[in-house]
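Overview (structure and organization)
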Amino acid sequence: MDSNELYTNVVVVHEEATGVGPQEEGDPGDNGPDNVPDDEDPRERDAFEIEKVVMEFRDEPSILHDEYPDSEEDEEDEAARERKRDNIRAGGGNLHYHQTFFSAIAFKEAVLDHALKTGCNIAQYKYDKTKLGFKCDGDGCIWRIYCAITKKCSKWRVNVYKNVHTCNPNGDCEMLNVLVIARLFLDSIRDEPEYFMPMKIEETIKRKWKITVSRSQCQAAKRKSLRWIEEEYDNQFARLQDNAEEIRESNKDSTVEVLTVTNDAGQEVFNRFYVCFDAIKRTWKEFCRPLIGVDGTFIKGKVKGQLLVALGRDADNAIYPIAWGCVQVENIENWVWFVRKLKDDLGLMDGDGYIIVSDRQKGLIRAVKLELPKVEHRMCERHIYGNMKKNHGKDKEMKKYIWDVAWSYNESSFEAHMTELYNYNVAVWRDVVKSKPRTWCRAFYKQGNYCEDVDNNSTESFNNSFVKARDKAFVPMLETIRRLAMVRIFKRSVESHDHNGRCTPYVGKFIAKEHKKASEMNIRRSTNDMYEATRGLDTHRISLTERTCTCQKWQICGIPCEHAYGVILEKKLEVEDYVCHWFWTAMWQKNYTDDLFPQGEPAFWPSTNHPNVHVPPPPPTPGRKKGRETGHNSRFHKKKKSYALAFEGVGTVTHGSQVEPSQGVVMSQG
C-alpha cells in the first residue's frame, strides 16, 4: 500500500466520524435561502482577497516611447465593458499533492476553481478548523482532496489527492451554493448592480461553467451580496481613522490625512483621503527625475468618487507611485487640495524645474496654475488623440499623423509633420492647432530634465494594476494599493541588485532601437571636436563633449540619439559613458533601497478617539441637464444642491487629522 492510499484510509475514517456538515440552503428547519448564515469571517475574506491580488500582481514594464498605441485602444468603451463583465473568474483550477495554502479560504477557493473548470459536482464532506475535505458526488466518482494544517509551518497542505474523475458532468455542483454564488459575483454587483440581476447571474453561470443553478438561488445570492456591500462599508468606514493611525505608527514621518464633513445628523461623513509614505517621498526627492504624472480614475462600488494618483519614474523608466488620495469629485477645490499636498510633501515650491503631465481636466489645470505657477505642465497626447477621435469618427489613419507631431524633437520636424497632417486632413489639422500642440510636443520642452514623455502613459500603466483593487470595498482597496506598493518595491529591489550592466535594461532597449540607423551614419569630424553625421538627407551636428545633437533628441532623452551613437560607433567608444546618470544601474538600486514598513492586520490597528466615519452620499452627476422634471420638487433639488456643494468644501466646517513630518503631532483641521 502506497502512502497516498494510507492517507486515504485515514481520511475515510475521519469522514465517518465527522458526520454531516453545516446545513445547506433549503434544508429542513431553514427559513429559506436568504437566511443562510455566513460561513466565513469577513476579515479573513478581506485578507484573502488582498493577498490574492498581491500574489497575482505582475510588475509594470518600463515605459517605452515612440510606439503607436494599440489598435485595441480605438475600440468602443462598451466592447471593453463586455469583456470585463465576462471576466468573473480567472482561476486556473490546478491542484496537486502536497500543495500548500496560507489559509483555509485559499484552499477552498482553489477547489472552487477546479469545480468551475471541470463542471463536476464537487461537495464538501469534512468541516473542521484544521481539516477540510472535498469529494466529487458524481456517479461512482473517486475524485477527492483532503487538506490540513501542518504542525511545522502552520500552513494548509494537501495530504490526499485523487486526481481522477470517473464521472461525467451533469450540470449539478453542490459546492455552488448561495454563499459561493454571492462571492463570485460580489465585485461585479458592487460595480454594476443594475446589470447583474438574478436572471443574468443564472445565464452567466450556465454559459461560462456549464453548471445549472436555480433562479431563486441567484435571487438570494444577489440579496446576500448587497447586504455584504452595505455591511462592509458601514463597518470599514468606521475604522478609516484607525487605518490612518496605523500608517502613522508603522511608517513614521509619513503624511496621511482623513478629512470629513459634518452632515445634518451630526455625523462625520467622508470627504477626502491622502497618503504619501515617507520612504517613497524621500526616495523620489533624491533619486528620481523631476517628473510627476497626475491623473484621476473612478472608484467603483457604494462609495462613488475618484482615486487621485501621482506617479514618478524610476531609473528603468517604470512607474514609481508617489502619493494617492480619494475624493468624491474631480473639481478645482479637490485638485488644489491634492496638488498642495504634493507640493508640501515633495518640496516643489513654485514648480520651477519640475514637470507635470496630465490630461486636460479643467480643475487640475487650474490647480497646477495656482499652486505651481512655474512648473512645466505637459498635456497628455493620449487624451488629445481621444478628443480627436470623438470629433472625427473612426478615422484611424489620423493616429500616425498626430503622434508624429507629438514625437517631433525639434521645430523643423514639428513643422514638417504639421504640413503632412494639413495635407492629409485640414479639419484634423485645425483641431490640432486649437489643442495648443506646444504643450504636448517634444520640440518645445524645457531641456535638462531628461523626460521625453508626451502622454500620461505611466498612470495608464498604474490603472491597469489598480483595476482589481478598485473593485474592492473602500478600506480593502486602500490596503491593496499599499500592499502592491510594497511588493513592487521588493521585486524591483531584487531585480535592480541582480542586474550587472552599468545602465538599466531600459537603456539597452533604447540603444538597440538606435543601432541600425547609427551604423548607417556617415561621420565627418571637425577641427573643433564637433562631428557631422549624415544618413540620406538627414544631417546633424554632434558634440560628444557637450552631449548635444542638433536633432535635440539626446538633450531631451538623456540617452544618445542615432546621430550621436553613430559617432560613438565610429570612434569605438562605450555608449554607456554618454548616458545620463538618471539611467544608471546604481541609481536604479537606490530607487528601491528603502521599502514601506509592514502594517498590522485590522484587528490590531490602534483605536483612535475620532468619531466614526460614515459613508458619503453619492456625488452630483456631472452634465445633468437643468430644468424641472415631472414629479420632482424644485425646493428639494435646491436643498440637495447645497448639500452636494458642502462636500466640495464650500461653506462647511471640515474635520479630520493629519501628521506633518516637521511637527510629528496630530492636528485638527478646521
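With an unreviewed UniProt entry as reference, the protein chain is termed Zinc finger PMZ-type, source organism Arabidopsis thaliana x Arabidopsis arenosa.

**Considering the overall build of the protein chain**
Of regular secondary structure, the protein chain possesses 23 helices and 19 strands. Classification of the 670 residues of the protein chain by burial places 52% in the buried group. Relative to all contacts within the protein chain whose residues are 6 or more apart in sequence, the contacts with residues 24 or more apart total 68%. In the form shown here, the protein chain has an accessible surface area of approximately 32400 Å², with 50% of it arising from carbon and sulfur atoms.

**What to know about the sheet that holds strand β4 (residues 144-149)**
Across the sheet, five strands lie side by side as β1-β5-β4-β3-β2; this open sheet has antiparallel pairing. Looking along the sheet, the strands with just one partner apiece sit at the ends: β1 (100-101) and β2 (122-127). As defined by bridge partners, β2 adjoins strand β3 (residues 131-136) across five bridges and the pair is classed as antiparallel. Following the sheet pairing, Y127 is matched in β3 by L132. Contacts from helix α4 (residues 104-118) reach β1, β2, β3, β4 and β5 (156-162) within the one sheet, and its direction differs from that of β3 by about 5°.

**Here's the deal with the pairing of strand β9 (residues 305-313)**
Within β9, nine of the nine residues are buried, which leaves it mostly tucked inside the rest of the structure. As paired elements, strand β8 (residues 291-299) and β9 share seven bridges and run antiparallel to each other. Of the residues in β9, the one forming a bridge with F298 is Q306. Where β9 lies against strand β10 (residues 319-327), eight bridges are found, and the strand directions are antiparallel. Bridge pairing in β10 links Q306 to V327. Here β9 folds back onto β10 in antiparallel fashion, the turn holding five residues, of which N317 has a positive phi close to 60°.

**Quick notes on the packing of aromatic side chains**
For the structure on display, the rule yields 20 aromatic pairs. Each ring, one from F277 and one from W324, has its centre 6.0 Å from the other, and the planes form 45°; the classification is tilted. Taken together, the residues F277 in the loop between β7 (268-276) and α10 (278-287) and W324 in strand β10 connect sequence positions 47 residues apart. Residue F277 is classed as buried on the basis of its relative accessible area of 1%. Relative to W407, the ring of W403 has its centre 5.7 Å away and its plane inclined at 50°; by these criteria the two rings are tilted. Exposure class is identical for W403 and W407. Each is buried. Grouping aromatic residues by their ring pairs yields a cluster made of Y274, W335, W337 and F338. Note that R144 overlies the ring of Y125, its terminal NZ or CZ placed 5.3 Å from the centroid.

**Details of the pattern of salt bridges**
On inspection of all chains with the given rule, the structure shows 28 salt bridges. For R190, the salt bridge goes to D187, with nearest N and O atoms at 2.6 Å. Of this pair, R190 and D187 both sit in helix α6 (residues 186-191), separated by three residues, roughly a single helical turn. Overall, D187 belongs to the partly exposed group, its relative accessible area being 25%. A salt bridge links K553 to E562; its shortest N-O distance comes to 3.9 Å.

**Observations regarding the sheet that holds strand β16 (residues 548-549)**
One open sheet accounts for four strands, arranged β13-β14-β15-β16; its pairing is antiparallel. With partners counted over all chains shown, the strands left at the sheet margins are β13 (522-525) and β16, one partner each. With five bridges connecting them, strand β14 (residues 531-535) and strand β15 (residues 538-543) associate as antiparallel partners. Residue pairing for β15: T534 is matched across the bridge by T539. Packed on one face of the sheet, helix α21 (residues 562-570) meets β13, β14, β15 and β16 and runs near 65° to β15.

**Here we look at the environment of E415**
Within the element layout of this structure, E415 appears in helix α15 (residues 411-424). E415 sits ten residues away from V405 along the chain, and the two C-alpha atoms are 8.3 Å apart.

**Points about the state of the cysteines**
A complete count under the given rule lists zero disulfides for this structure. For the unlinked cysteine C451, the closest cysteine sulfur is that of C580, found at 9.1 Å. A relative accessible area of 2% means that C451 is categorised as buried.

**Some details on the pairing of β4**
Of all the six residues making up β4, five are buried; the element is thus mostly covered by neighbouring parts of the structure. The sheet contact formed by β3 and β4 spans five bridges and is antiparallel. Looking at β4, one finds that F134 is bridged to I145. Here β4 runs beside β5; their pairing, made up of six bridges, is antiparallel. Paired with I145 across the strands is Y161, a residue of β5.

**What about the environment of E246?**
Residue placement: E246 occurs in helix α9 (residues 240-250). Relative accessible area serves as the criterion here: at 8%, E246 is assigned to the buried category. For the pair formed by E246 and P606, sequence separation is 360 residues and the distance between their alpha carbons is 6.2 Å. Every residue in contact with E246, bar those within four places of it in the chain, is listed here: Q599, G600, F604, W605 and P606.

**A word on a positive patch on the surface**
Positive charge collects at one region of the surface, where R360, R366, K369 and K436 lie side by side. Within the element layout of this structure, K436 appears in the loop between α16 (426-434) and α17 (457-470).

**Side note on the packing of α15 against α16**
As a packed pair, α15 and α16 sit with axes 6 Å apart at the nearest point and diverge in direction by 135°. In this view, α15 runs oblique relative to α16, as classed from their interaxial angle. Note on element contacts: α16 touches α15 through V426, V428, W429, V432 and V433, opposite M418, L421, Y422 and Y424. Residue composition of the contact of α15 with α16, by class: nine nonpolar, no polar and no charged.

**Quick word on unusual backbone geometry**
Trans peptide bonds make up most of the peptide bonds, and negative phi angles are found at most residues other than glycine. Phi is positive for Q552, close to 75°, though the residue is something other than glycine. Counting through the fold element by element, Q552 comes out in the loop between β16 and α20 (553-557). The residue K572 is not glycine, and still its phi comes out positive at about 55°.

**Observations concerning helix α12 (residues 362-371)**
All of the buried residues along α12 are G363, L364, I365, A367, V368 and E371. Looking at the buried side of α12, the elements it contacts are β8, α11 (332-346), β11 (355-358) and β12 (376-379).

Rules used in this analysis
Residues numbered from 1 in each chain as written. Predicted model: local features only at pLDDT ≥ 70, side-chain atom pairs only at ≥ 80, totals over all residues. Heavy atoms only, no water. Helix = DSSP H or I, 4+ residues; strand = E, 2+ residues; numbered from the N terminus. Buried < 20%, exposed > 50% of the residue type's maximum accessible area, 1.4 Å probe, protein only. Contact = heavy atoms within 4.5 Å. Areas by Shrake-Rupley, 256 points an atom, 1.4 Å probe, with all protein chains shown as cover. Pairing = 2+ DSSP bridges. Axes fitted to C-alpha atoms, helices over the stretch in contact; angles between N-to-C directions. Phe/Tyr/Trp six-rings, centres within 6.5 Å; stacked < 30°, edge-to-face > 60°. Lys NZ or Arg CZ within 6 Å of the ring centre and 35° of its normal. Salt bridge = Lys/Arg side-chain N within 4 Å of Asp/Glu carboxyl O. Disulfide = S-S within 2.5 Å. Patch = residues over 30% accessible without salt bridge, like charges linked within 9 Å, V, L, I, M, F, W, Y side chains within 5 Å. Lys, Arg positive; Asp, Glu negative; His and termini not counted. Charge placed at Lys NZ, Arg CZ, Asp CG, Glu CD. Parallel < 35°, antiparallel > 145°, perpendicular 65-115°, else oblique. Nonpolar A, V, L, I, M, F, W, Y, C, P; charged D, E, K, R; others polar.

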